[in-house]
Every structure is written in C-alpha cells, then in structure tokens.
Amino acid sequence: MFTVAAYSATAATEPLAKTTIERRALAADDVLIDITYCGVCHSDVSHARSEWREETYPLVPGHEITGIVAEVGSGVTRYAVGDRVGVGCFVGSCGTCANCTAGEAQYCLRGITLTYGSIDANGERTQGGYSERIVVREDYVLRIPDGLAMDVAAPLLCAGITTYWPLRHHGTGPGKKVAIVGLGGLGHVAVKLAAAMGAEVSVLSHSAAKQDDAKRLGAAHYFVTSDPAVLPSLENTFDLVINTVSAPIDLDALLSTLALGGALANVGAPGQSMSINAWSLLRNRRSYTGSLIGSIQDHQDMLDFCAEKGVGAEIELIPVDRINEAFDRLLASDVRYRFVIDMATLG
Ligand code: NAP
Ligand code: ZN
C-alpha cells in the first residue's frame, strides 16, 4: 500500500476537502497511473451527495481520468512506463457472467466495480480520480491516441462514451436527424460526435443562452424548450433524440418529436421516476431506450474516432481547490462545457 493526496467528500452535506488515501501495491496485471487531468461529471455530484443511494464516506469522486503510466506490474503486456492512458467509469467486472462474456462488461450481472464507491475484487473500496495516482488492472485502462490532448480527452472517458454508444447503436450518419437534449457535459460532446458522424444535429436546450455555442459545436438548429410552442412544432421530426438532462423532464413531449421508428435514447440519470403515456410510443412506432457508458472496446473505438475527427471536450480547467464551486456551478447549468481538474494543483 502507498499513500496519495486526494480530494474527498466526508458526508453528503459536506464540501469536498483535501485528504490522503491508500492505493494498493501493484499486482502483476496492474498499471500505476500518475493522474494529470480529471473531468467533473454531474454523476460525481450525485454520488458525493448520496442522491442515488447512501454512499460510504470518505468518497473520492472522479471517473474521467487521463494520466501517464508510472509503473507496470510484472504481467502487464499492453502498457509501458510513459504511455498516455485513460480510465473511465469502471475498473472491474466478473468476466464470466453472460453479459461479460458477450463483451458488455458494463452490464456485468454481478455488478461492475465502479472507479469510485465500489468494493473491488480484493475487498477494498475504490476511490476515484480526484487524486494524484491510481492503480487499475490493465484490462480497464484505455490508450489516449496521439493527437488528442490529455485535458480535452479526459471528459471523453464518461461524457464521450455515454453519448457515442447510443449515436453509433442507432446508426447516426449522413441523412439522419439527431436532436441532443441538454447542452451540458454530455450534451456538448454528443453534438460534436453526431456532427462528426455526418448527421444533421439539433440542440434542445431549456434556455436561449447557448445558441451561438451550439452552432459552433456543430449543431445546424437550436430550439429553446422552455417555450411551450417549441416541442409541438417539432412533431415527427427526428430519427434519434438523446436525452442528457440530469433532471426529470416531459418525456411524452420529447417522444412526440420522433419520426417513424425513431428512438428516444435516455442517458440522463435523475434520481426520480419519469412517466410515459403508451400512446407516445404507439404513434409512429417509437421506442424509448437507455444505456450506461459502453464496453471497454467501445471506449477505445470512441477515443480513436475522436482522435481521427479532432473531437475533444470544451473545457474549463480548474485547480482542485475550486471543486466545490465547480459542483455548485454544474448544478446551476453554468459550465462551458466541462470542468476539468488540473491535477498538478493537488501538490
Ligand atoms: P450537466 O453538465 O449538468 O448537463 C446537464 C444539462 O441538462 C444542463 O447543462 C442543462 O442543459 C440541462 N438541464 C439541467 N437541469 C435542467 C432542468 N431542470 N430542466 C431542463 N434541462 C436541464 O450534466 P452531465 O455531466 O452532462 O450529465 C447529465 C446526466 O447524465 C446526469 O444525470 C448524469 O448523472 C448522467 N450520466 C449518465 C451516464 C450514463 O452512463 N447513462 C453517464 C454519465 C452521466 P441546457 O441548459 O442546455 O438545458
Ligand atoms: Zn460521468
């Protein structure tokens, strides 16, 4: 075991504060990573504040990690000291259940080991990327391609993969009309990805404030959903709508915007239930789906695609001691468009 500096939540109602945590000594298949950047996901706030479940504290959030390999275990074959790598939302899975053997370890039937807030195979509590260094099994480490800067790559490890998966799964490409709901961390990457895939992209935002940015990110159209006339005017329009909103919203109104056979893919994760009238699906043979991040292979495909197309997140780089302010601004939809912590400031 060895000690590293970190920022942790000590209770659901307490601000994050500087601390130290223990990392395990390297096993044969482990990689030690010096963390350079860590994105701040809305899920970090939800976990830190026990919005989804009662968490165990202290809790070190952070699952959009980029860094440099500092040491490798004796059995590691794919990574070497000095490599540019990333870690996303999960760092373990059973490897033997039906979903793991189908290549979809993110849906491991025994439960994935989250990057923070889980108990790992050694019985130890995982702690995330708001820290100096992390030890991760090589199978859960991603390669950051050359040409992708480490700071703008960090948010791709969660925001990127979470939106890349439904875009790919639903056949996004030229001739498809795709709407992204919510222009936050996930939403802004989704706009860039959908535009890079060749789709005609619309943004559905609850305010007019981000219109110019949306166009710059690649959106052809921008609609302000707080105007009650807007969604009815878009009836039967989109092939795919991706909902990234962190709060409950009117799903029937969103479903009504789908063209024949269209899908509403939900990746936003409010703690509360949202209802759907069956007729919203029956009309136009619409579907409502959800997905959680993507497989490790999907992550690598997404990173390679982003490097090829020049897609990175739009970030606001912050020193780690401004993390509590960043959480508050995230909750107020006041982020352009992802906070990324410069981990060199942890010192
Ligand atoms: P974020 O940066 O806070 O963005 C959410 C956006 O939703 C906001 O920028 C805002 O966009 C819109 N919004 C917020 N409150 C709203 C309200 N009351 N009514 C309408 N719109 C509202 O959050 P994020 O990091 O992108 O995460 C988004 C959600 O995805 C969170 O619930 C997060 O936990 C979840 N998530 C899911 C997965 C997965 O695997 N499925 C992975 C990561 C995150 P506008 O101002 O443009 O309306
Ligand atoms: Zn996340």
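*Asks:* How do you make sense of the overall build of the protein when you look at a structure like this?
*Replies:* Regarding its fold elements, the protein presents eleven helices and 17 strands. The C-alpha radius of gyration computed for the protein amounts to 20 Å, which stays within 12% of the reference 20 Å derived for 347 residues, consistent with globular compactness. Principal-axis analysis of the C-alpha atoms gives the protein an extent of 60 × 40 × 35 Å. Residues classed as buried in the protein amount to 53% of the 347 residues present. Looking at the protein alone, contacts between residues at least 24 apart form 66% of all its contacts between residues at least 6 apart. As displayed, the protein offers around 13,900 Å² of accessible surface, 50% of which is attributable to carbon and sulfur atoms. Charge separation in the protein, taken as the distance between the mean sites of 27 positive and 39 negative side-chain charges, equals 5 Å.

*Asks:* Quick question: what am I supposed to make of the coordination of the zinc ion (ligand 2) here?
*Replies:* Four donors placed tetrahedrally around a metal ideally meet at 109.5 degrees, and six donors placed octahedrally ideally meet at 90 or 180 degrees. Distances from the zinc ion (ligand 2) to its protein donors, Cys41 (SG), His63 (NE2) and Cys158 (SG), fall within 2.0 to 2.2 Å. Here the donor residues of the zinc ion (ligand 2) share one chain and are spaced in sequence as C-x21-H-x94-C. With Cys41 in the loop between strand S3 (30–39) and helix H1 (42–48) and Cys158 in the loop between helix H3 (150–153) and helix H4 (159–169), the pair connects residues that are 117 residues apart, well separated along the chain. Accessibility expressed as a relative area gives 5% for Cys158, which makes it buried.

*Asks:* Explain unusual backbone geometry to me, please; I cannot follow it from the model alone.
*Replies:* Residues apart from glycine generally show negative phi values, whereas peptide bonds are mostly found in trans. A cis amide bond, omega 0°, links Tyr57 with the succeeding residue Pro58. Checked against the element boundaries, Pro58 lands in the loop between H1 and strand S4 (65–72). Residues Arg336 and Tyr337 are joined by a peptide bond in cis, for which omega reads -10°. Checked against the element boundaries, Tyr337 lands in the loop between helix H11 (323–331) and strand S17 (338–342). Residue Asn236 is not a glycine yet carries a positive backbone phi of 60°. Mapping Asn236 onto the fold places it in the loop between helix H7 (230–233) and strand S13 (238–243).

*Asks:* What should I look at first to understand the side chain of Ser93 in this one?
*Replies:* Checked against the element boundaries, Ser93 lands in the loop between strand S6 (90–92) and helix H2 (98–101). Overall, Ser93 belongs to the buried group, its relative accessible area being 12%. A polar contact is formed between the side chain of Ser93 and the side chain of Tyr140, at a distance of 2.7 Å. Leaving out residues up to four positions away in the same chain, Ser93 has contacts with Cys100, Ala105, Cys108, Ile112, Thr113 and Tyr140.

*Asks:* Would you take a moment to explain the packing of H4 against helix H10 (residues 296–309) for this structure?
*Replies:* A pair of packed helices is characterised by two quantities: the angle between their axes and the separation of those axes. The contact between H4 and H10 brings their axes to 10 Å, and the two run at 95°. It follows that H4 is roughly perpendicular to H10 by the angle criterion. Touching Gly160, Ile161, Tyr164, Trp165 and Arg168 of H4 are Asp298, His299, Asp301, Met302 and Phe305, all from H10. Classifying every residue of the contact of H4 with H10 by side-chain character gives five nonpolar, two polar and three charged.

*Asks:* It is not clear to me how the side chain of Ser280 should be interpreted in this structure. Could you clarify?
*Replies:* With respect to the secondary-structure elements, Ser280 resides in helix H9 (residues 278–282). With relative accessibility at 8%, the residue Ser280 sits in the buried group. For Ser280, the contacting residues outside a window of four places in its chain are Asp252, Leu255 and Arg286.

*Asks:* Quick question: what am I supposed to make of the environment of Leu186 here?
*Replies:* Relative to the helices and strands, Leu186 resides in helix H5 (residues 185–196). For the pair Leu186 and Ala209, spaced 23 residues apart in sequence, the C-alpha to C-alpha distance is 17 Å. Leave out the neighbours within four places in its chain, and Leu186 touches Ala159, Thr162, Thr163, Thr244, Val267 and Arg338.

*Asks:* In this structure, what is going on with the site of ligand 1? I would like to understand it.
*Replies:* The environment of ligand 1 is formed by 27 residues, the closest being Leu183, Ser205, His206, Lys210 and Arg338. A distance of 2.7 Å separates an oxygen atom of ligand 1 from a polar atom in the backbone of Leu183. Interatomic distance of 2.8 Å between a backbone N/O atom of Gly185 and an oxygen atom of ligand 1. Burial of ligand 1 by the surrounding chains reaches 89%, relative to a free accessible area of 920 Å².

Basis of the calculations
Here the residue index of a chain counts from 1 through its sequence in written order. For naming, the first written chain is A and the first written ligand is 1, with later ones following in the order written. A pLDDT threshold of at least 70 governs which residues receive local features in this predicted model, and a stricter bar of 80 or more applies before side-chain atom pairs are shown or counted, although totals over entire chains, interfaces and linings include all residues. To obtain the side-chain values, all non-hydrogen atoms of the structure were used and water was disregarded. Here a strand is any run of E in DSSP of at least two residues, a helix any run of H or I of at least four, and the numbering for each starts at the N terminus. Only C-alpha atoms enter the radius of gyration; for comparison, a globular chain is expected to reach 2.2 Å times N to the power 0.38, where N is the number of residues. When accessible area is computed with a 1.4 Å probe and restricted to protein chains, residues below 20% of their type maximum are described as buried, those above 50% as exposed, and intermediate ones as partly exposed. Residues are treated as being in contact if the distance between any of their heavy atoms lies within 4.5 Å. Computed with the Shrake-Rupley method and a 1.4 Å probe, the accessible areas treat only the protein chains shown as cover for residues. Charge convention: Lys and Arg are scored as positive, Asp and Glu as negative, and His as well as the terminal groups of each chain are ignored. Throughout, a charge is located at the NZ atom of Lys, the CZ atom of Arg, the CG atom of Asp or the CD atom of Glu. Each metal's donors are the N, O and S atoms found within 2.8 Å of it, except that Na, K and Ca use a 3.2 Å limit; water is left out, so coordination can look incomplete. Polar contact is defined as a pair of N or O atoms within 3.5 Å, subject to the rule that within protein one atom must be able to donate a hydrogen and the other to accept it, and that residues adjacent in sequence are counted only when both atoms are side-chain atoms. To obtain each axis, a line is fitted to C-alpha atoms, and for helices this fit is confined to the stretch in contact; angles are then taken between N-to-C directions over 0 to 180 degrees. To sort the angles, those under 35 degrees are grouped as roughly parallel, those over 145 as roughly antiparallel, those from 65 to 115 as roughly perpendicular, and the leftovers as oblique. When residues are sorted by character, Ala, Val, Leu, Ile, Met, Phe, Trp, Tyr, Cys and Pro go into the nonpolar class, Asp, Glu, Lys and Arg into the charged class, and all the rest, Gly among them, into the polar class. Distances are taken per atom, and a residue is near a molecule or strand as soon as one of its heavy atoms is within 4 Å of it.

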